[in-house]
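Descriptive structure summary
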Amino acid sequence: MESGQQGDVLMGRSETVASGDIPTRLTTFVGREVERRDLRRLLSEHRLITLTGSGGCGKTRLAQHLAVELGPEYSQAPLWVDLSSVSKPEAVPSAIADALGVTEQPGGGALASAAARLKSEHRLVLLDNCEHLAEACAGTVDHLLQRCPRLTVLATSRSPLAVEGEVLFRVPSLPVPAEEPPPSLDAVASSDAVRLFVERARRARNDFELTPENATSVAAICRRLDGMPLALELAAARVRIRGVEQIADALEDRFKLLAVSARNVVPRQRRLEASVEWSYDLLDERARSAFCALSVFPAPFSLEAAEAVASGTGTPAEEVADVIAELVDQSLVEADVSGPGARYRMLETIRAYAAQRLSADPGKEDEAHDRHLEHFRSLLQRIEPRLQSPEVLEWLDALRPDEPNLAAALDRAVDNGDWDAAVMLACSRYWELSSHTGHPLRVLESALASGTCPDDRRVRAFIAAARLAGTRWDLPSAERLGRHALELARAQDDERAAGEALLAIGTAALWSGRHQEAAESLSEARELAERSGGGPALAAALSGLGQFPFATGDHRQARLLFESASDLARRYGQLYAEFQAANYLFLIHFFAGRDDLAQQACREGLEISRRARLPAGESIFRAFRAGLLIRRGDLDGVQPLLDEAGSLAEVSGHPLAAGHGQQQVALLARARGDATGSLEEFRVLAETARAFNVHIAVIWNASLAAEAAALAGDLVEAALLVEGAATWAAEVGARFPWVSWAEAVVALEQDQPERAEDKAHAALADSQAADNDIVALESLEVLACARARRGDASAGPLLRAVETIRRDRRWAPSPQWAQRVAEAGAQSGKDALAEGASMSLSEAVAYARRGRGERKRPAFGWESLTPTELSVAELVAEGLSNAGIAARLFVTPATVKTHLTHIYAKTGATSRVQLAKAFTENQR
């Protein structure tokens, strides 16, 4: 009896259906459209089909439903022969004869009588539950098929009948909802496993509904029960007395939870445990021992791994394949032969049963887990060098199916106190490249903090931990761990390790705003890589060093370093460096307006991320692709990309992935003319970047937030935001064109065209230095609008140049700027516009800056103070302490102290009181 019959009992069916009749079901048949289609085709081509699969997978219900569907295609009604209560092999022919309603012929026996009846009939016979009588069923079926030419047999069995001409059809469990990314309510509701659970739950409690509140728990139940229909129906029956959240939690002890006491159900279907036990009892002792040992695999496993674990049960390694085949035949293990190498798995319910059996003998349980650990320690040790080779993606693909097994081996090593194995496993490059960094990082930090890390592994453990912390954007931890590694590496005169440690330290210092320190560490890392590490180490070092000019605004130098890093990374299999290079090259080309090269970098980064299965990378490059569409004004295709990017970012849990997606959301609002919406988005992004201390992100997002605030009419907020951006830019010690551009926008909206023009010129100069065509073009727009307001004749040619450049490069303006440019053009007149029609961007910039010299700030006096220094002086006059000024300007007290030193030198003030007084007098 299979899950459909179990469901009928649970829902109130009490009458017994005799063999011979296909039972009329009182419950809905759910799903199986693909299986029904395939089986109809097979039954039209073959005369013996055996449905195999684990107990409770729904073989009987599927076969019965199919027999009813196909009944009209046969001359006689389909015949159902239930063998579940037949215990003697010799009784199989009698069961068939009884179902046919024929009397045994004298001297011929039941089989001859059945054959005589079926010989001339065009009929489908459903032979149900054959596994415990497989040999007798095989002989009986073979006899009937040879003598009855129009007979077709559809059998259900946990193991094959092994008859010539037999076609096996494995009945899979029902499809379950995906776990990652978290599916929507509609996606959960469309899963066949969920549909079955909900349909049966409504019969147990008629007000049961799938809701947004319980969908996550229902999906979890379906996944943990592997979509097994019997288990789902038993679980659904529990909604009478438990909430679905309680049912999900109680599945830790599923065999206790999933049982019924119905007397009219065969014993092996009353409890989920008994259903598995039925198959277990059919195994010989050798297969039972191997079956229990294989429960230590939490995920699909290879034959090699099975041999390593199961050979310790007394079965020689060379015989393990035969045992696996027997377990597959008994539907206790599933085989997946779709890939280059076969892999095997147990359904979670079957694995739980096997683990329960194994735990009855603690000695054997420990041995099995230890053999599992040793196998995966050895495997990783063998593959580790290949994770830094040109074939890195192939080896990542080879290891990825075993990730849960690697994690289990790591846990076992920790539980055993085998820190040599634990640290070796946790140091593997695999974790960094697979993005699953939390577990190994915790193991390494624990081993290093407790002193249990073996001395000969300490430097590598510190470096690996620093790398893992860095990929999680935990900069303080990455720097701390890197410094420990550097100290040990220098003590051991290990230049390669020292270079790797300096790379971690320098990257953390860079993105924490300590640029001089970062430059020194990253430059030394490059030197050590050139001396000791060669190509692989140099690829990583160049990728790290390239981040320095990028973060400080020198995109031309950054491009050279990242292009070199990309070439080396590809040649030497440095996957993470290759990914980083693609990421930064996209941004460099994007800001420079080289959309074709940006698109190429995006394709390369997305391909790396897909092949390496890095959800954070996929999220970032989908967001970048959305950014290119936004720039072109192709807004219809943006939202699906942003939705995909958001889901992938959520799966990865990486803050940078989420940040890149949100930036495009903000840019999309800007492109739609929603200044208020983009202000909110950019303000949140700036605050988040400030929390992570990522200066360049603070500057960019605060600048764009200032523009949005100005366009939304909130000029006070705009001024505060642009002042904050300028303060952070001053801390970096570099010129960022976004800041001057935002200052120009704010000035224009404040109706200060002269100041707007002045700031736009500064932005043009900065954008040329930074290789940033986007800011150059948008600064020209502001400058042209400012000149138009002043009645300057040069506004017209600039406006026409901007219009032409945008059209030629397919860069769409935001609606607000399109309106301002149109108004400025109307002020200038058509004749004035004509002159700029043929200007390139560089020619337009030269035209705008014609006759304008470099304006220099005086060395002393109040006019010599920078905007940030003026802000510090103003706050001193308000009576704020260094700490108070630091909090107001989002800088450190040490930075405030440095600014004060400069202010005293430039103004001649010698105290805070004197400075406050002088500032007040100067403002009158």
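What you see as residue numbers is a count from 1 along each chain, following the sequence as written. Only residues with pLDDT of at least 70 are given local features in this predicted model, and only at 80 or more are side-chain atom pairs given and counted; all residues enter the totals for whole chains, interfaces and linings. Based on all heavy atoms of the structure, the side-chain values leave hydrogens and waters out of the count.

**Quick notes on the overall build of the protein**
Strands here are runs of E lasting at least two residues and helices are runs of H or I lasting at least four, both read from the DSSP assignment and numbered beginning at the N terminus. Scanning the protein for helices and strands turns up 48 helices and eight strands. The buried share among the 924 residues of the protein stands at 57%. In the protein, of all internal contacts separated by at least 6 residues, the share reaching a separation of at least 24 is 70%. Note on areas: these come from Shrake-Rupley sampling with a 1.4 Å probe, and a residue is covered only by the protein chains present in the view. For the protein, the accessible area works out to roughly 38,000 Å², and carbon and sulfur atoms hold 49% of it. Charge centroids of the protein, computed over 103 positive and 129 negative side chains, lie 2 Å from each other. Note on classification: 1.4 Å probe, protein chains only; a residue is buried when its accessible area is under 20% of the maximum for its type, exposed when over 50%, partly exposed between these limits. By definition, residues are in contact when any of their heavy atoms lie within 4.5 Å. Think of it this way: Lys and Arg go in the positive column, Asp and Glu in the negative one, and His and the chain ends go nowhere. Every charge is mapped to an atom, namely NZ of Lys, CZ of Arg, CG of Asp or CD of Glu.

**Quick word on the packing of helix 26 (residues 475–491) against helix 27 (residues 495–511)**
A fitted line through C-alpha atoms serves as each axis, taken over the contacting stretch for helices, and the angle formed by two N-to-C directions is quoted from 0 to 180°. Between helix 26 and helix 27, the least distance of the axes is 8 Å, while the angle of their chain directions is 150°. As judged from the angle between their axes, helix 26 and helix 27 are roughly antiparallel. The interaxial crossing formed by helix 26 with helix 27 has left-handed handedness. In contact with Leu 475, Ala 478, Glu 479, Gly 482, Arg 483, Ala 485, Leu 486, Ala 489 and Arg 490 of helix 26, helix 27 contributes Ala 497, Ala 498, Ala 501, Leu 502, Ala 504, Ile 505, Ala 508, Ala 509 and Trp 511. Three classes are used: nonpolar for Ala, Val, Leu, Ile, Met, Phe, Trp, Tyr, Cys and Pro, charged for Asp, Glu, Lys and Arg, and polar for all others, with Gly counted as polar. Residue classes in the contact of helix 26 with helix 27 are distributed as 14 nonpolar, one polar and three charged. Here is the rule for angles: anything less than 35 degrees is roughly parallel, anything more than 145 is roughly antiparallel, 65 through 115 is roughly perpendicular, and the remaining ranges are oblique. By convention, the crossing between two helices is left-handed when the near helix turns anticlockwise from the far helix through less than a right angle, and right-handed when the turn is clockwise.

**Section: the sheet that holds strand 2 (residues 79–82)**
Taking strand neighbours across the sheet as the criterion, the five strands line up as 2-3-4-1-5 in an open arrangement whose pairing is parallel. The open sheet terminates on both sides in strands that have one partner only, identified here as strand 2 and strand 5 (167–170). Along the sheet, successive strands turn relative to each other by an average axial angle of 20°, direction set aside. Whether two strands pair depends on DSSP finding at least two bridges between them.

**Side note on the environment of Ala 763**
Of note, Ala 763 is situated in helix 39 (residues 753–770). Sequence separation of Ala 763 and Trp 738 is 25 residues, and the distance between their C-alpha atoms is 7.0 Å. Every residue in contact with Ala 763, bar those within four places of it in the chain, is listed here: Pro 737, Ser 740, Trp 741, Val 775 and Ser 779.

**Notes on the sheet that holds strand 7 (residues 334–336)**
The strand order 6-8-7 describes an open sheet built from three strands, whose pairing is antiparallel. What marks the edges here is a single partner per strand, and that holds for strand 6 (301–302) and strand 7. The pairing of strand 7 with strand 8 (residues 343–345) spans three bridges and is antiparallel. Bridging from a neighbouring strand, Asp 336 pairs with Arg 343 of strand 8.

**Details of the packing of aromatic side chains**
Pairing of aromatic side chains here covers Phe, Tyr and the six-membered ring of Trp, requires ring centres within 6.5 Å, and sorts the geometry by plane angle: under 30 degrees stacked, over 60 edge-to-face, intermediate tilted. Counted according to the given criterion, the structure contains 20 aromatic pairs. Summarising the aromatic geometry, the rings of Phe 586 and Phe 590 are spaced 5.5 Å apart at their centres and angled 25° between planes, so their arrangement reads as stacked. Linking Phe 586 with Phe 590, this pair stays in helix 30 (residues 575–592), spanning four residues, or about one helical turn. Phe 586 sits in the buried class, given a relative accessible area of 2%. A residue is classified by how much of its surface remains accessible, and Phe 590, at 12% relative accessible area, is buried. Ring pairs connect the aromatic residues Tyr 576, Phe 579, Phe 586, Phe 590, Phe 591, Phe 621, Phe 624, Trp 700, Phe 736 and Trp 738, which therefore count as one cluster.

**Quick word on the side chain of Thr 552**
Relative to the helices and strands, Thr 552 resides in the loop between helix 28 (515–551) and helix 29 (555–572). Here Phe 548 takes part through its backbone oxygen, which lies 2.8 Å from a polar atom of the side chain of Thr 552. N or O atoms within 3.5 Å of each other form a polar contact, as long as, within protein, one can give a hydrogen and the other can take it, and as long as residues adjacent in sequence are counted only when both atoms are side-chain atoms.

**Some thoughts on the pattern of salt bridges**
One speaks of a salt bridge when a side-chain nitrogen belonging to Lys or Arg is within 4 Å of a carboxyl oxygen belonging to Asp or Glu. Here the structure, examined in full by the defined rule, presents 66 salt bridges. Linking Arg 690 and Glu 687 is a salt bridge whose minimum nitrogen-to-oxygen distance equals 2.9 Å. Here Glu 687 and Arg 690 lie together in helix 35 (residues 675–692), a separation of three residues that amounts to about one turn. Residue classification places Arg 690 among the buried positions, given a relative accessible area of 16%. Residue class for Glu 687 comes out partly exposed when judged on its relative accessible area of 42%.

**Structural notes on the pairing of strand 1 (residues 48–52)**
Of all five residues in strand 1, five are buried; the element is thus mostly enclosed. Alternating positions in strand 1 separate into two faces, Leu 48, Thr 50 and Thr 52 on one and Ile 49 and Leu 51 on the other, with burial throughout. The sheet contact formed by strand 1 and strand 4 (residues 151–156) spans four bridges and is parallel. Bridged to Ile 49 within strand 4 is Leu 154. Across four bridges, the pairing between strand 1 and strand 5 is parallel. Paired with Thr 52 across the strands is Arg 170, a residue of strand 5.

**Some thoughts on the nonpolar core**
Put simply, buried Ala, Val, Leu, Ile, Met, Phe, Trp, Tyr and Cys residues joined by side-chain atoms within 4.5 Å make one nonpolar core. Ranked by internal contacts, the top residues of the largest apolar core, which has 242 residues, are Phe 197, Phe 291 and Trp 511. Val 86, Ala 115, Leu 127 and Val 141 belong to the second largest nonpolar core, which has 32 residues in total.

**Remarks on the confidence of the model for the protein**
Confidence scores here are pLDDT values: one per residue, from the predictor, ranging 0 to 100. Residues with a pLDDT of 70 or more make up 92% of the protein, whose mean pLDDT is 86. Averaged over each element, pLDDT in the protein is lowest for helix 1 (residues 3–10) (38) and highest for helix 22 (residues 419–426) (95). In this model, residues 1–18 is a region of pLDDT below 50 whose contacts with residues beyond four sequence positions or in other chains number 61 contacts. Every residue in residues 260–270 is under pLDDT 50, and counting partners more than four places away or in other chains gives 32 contacts.

**As for helix 33 (residues 638–652)**
Expected span of a helix, by definition, is 1.5 Å for each gap between consecutive residues, and there is one gap fewer than residues. Helix length check: helix 33 (15 residues) gives 21 Å between terminal C-alpha atoms against 21 Å at 1.5 Å per residue, within 8%. Along helix 33, the residues classified as buried are Val 638, Leu 641, Leu 642, Ala 645, Leu 648 and Ala 649. Down the axis of helix 33, the buried set is contained in an arc of 130°. They therefore lie on one face. Here, the arc refers to the directions that run from the helix axis to the C-beta atoms.

**Concerning the pairing of strand 4**
Of all six residues that make up strand 4, six are buried, and the element is covered over most of its length. Clockwise travel from the first strand over the helix to the second, with the strands pointing away from the viewer, marks a crossover as right-handed. In this view, the connection linking strand 3 (residues 123–128) to its parallel neighbour strand 4 by way of helix 6 (residues 134–147) has right-handed handedness.

**Thoughts on helix 6**
The end-to-end C-alpha distance of helix 6, which contains 14 residues, comes to 20 Å, matching closely the 20 Å that a straight helix rising 1.5 Å per residue would cover. On the buried face of helix 6, the contacting elements are strand 1, helix 4 (92–100), helix 5 (109–118), strand 3 and strand 4.

**Structural notes on the environment of Ala 598**
Inspection of the secondary structure assignment puts Ala 598 in helix 31 (residues 595–612). We classify Ala 598 as buried; its relative accessible area is 0%. Sequence-wise, Ala 598 and Gln 750 are 152 residues apart; in three dimensions their C-alpha atoms are separated by 35 Å. The residues touching Ala 598, leaving out its near neighbours within four places in the chain, are Phe 586, His 589, Phe 590 and Leu 628.

**A look at the side chain of Asp 595**
By secondary structure assignment, the location of Asp 595 is in helix 31. Here the side chain of Asp 595 touches Arg 631 through a polar contact of 2.5 Å, side chain to side chain. Those residues in contact with Asp 595 that sit more than four places away from it in its chain are Leu 628, Arg 631, Arg 809 and Trp 811.

**Structural notes on the packing of helix 15 (residues 285–293) against helix 17 (residues 320–329)**
It is at 10 Å that the axes of helix 15 and helix 17 come closest, and there the two elements cross at 85°. With respect to their mutual orientation, helix 15 and helix 17 come out roughly perpendicular. Side by side, helix 15 and helix 17 meet where Arg 286, Ala 287, Ala 290 and Phe 291 of the first sit next to Val 323, Glu 326 and Leu 327 of the second. Its residues assigned to classes, the contact of helix 15 with helix 17 comprises five nonpolar, no polar and two charged.

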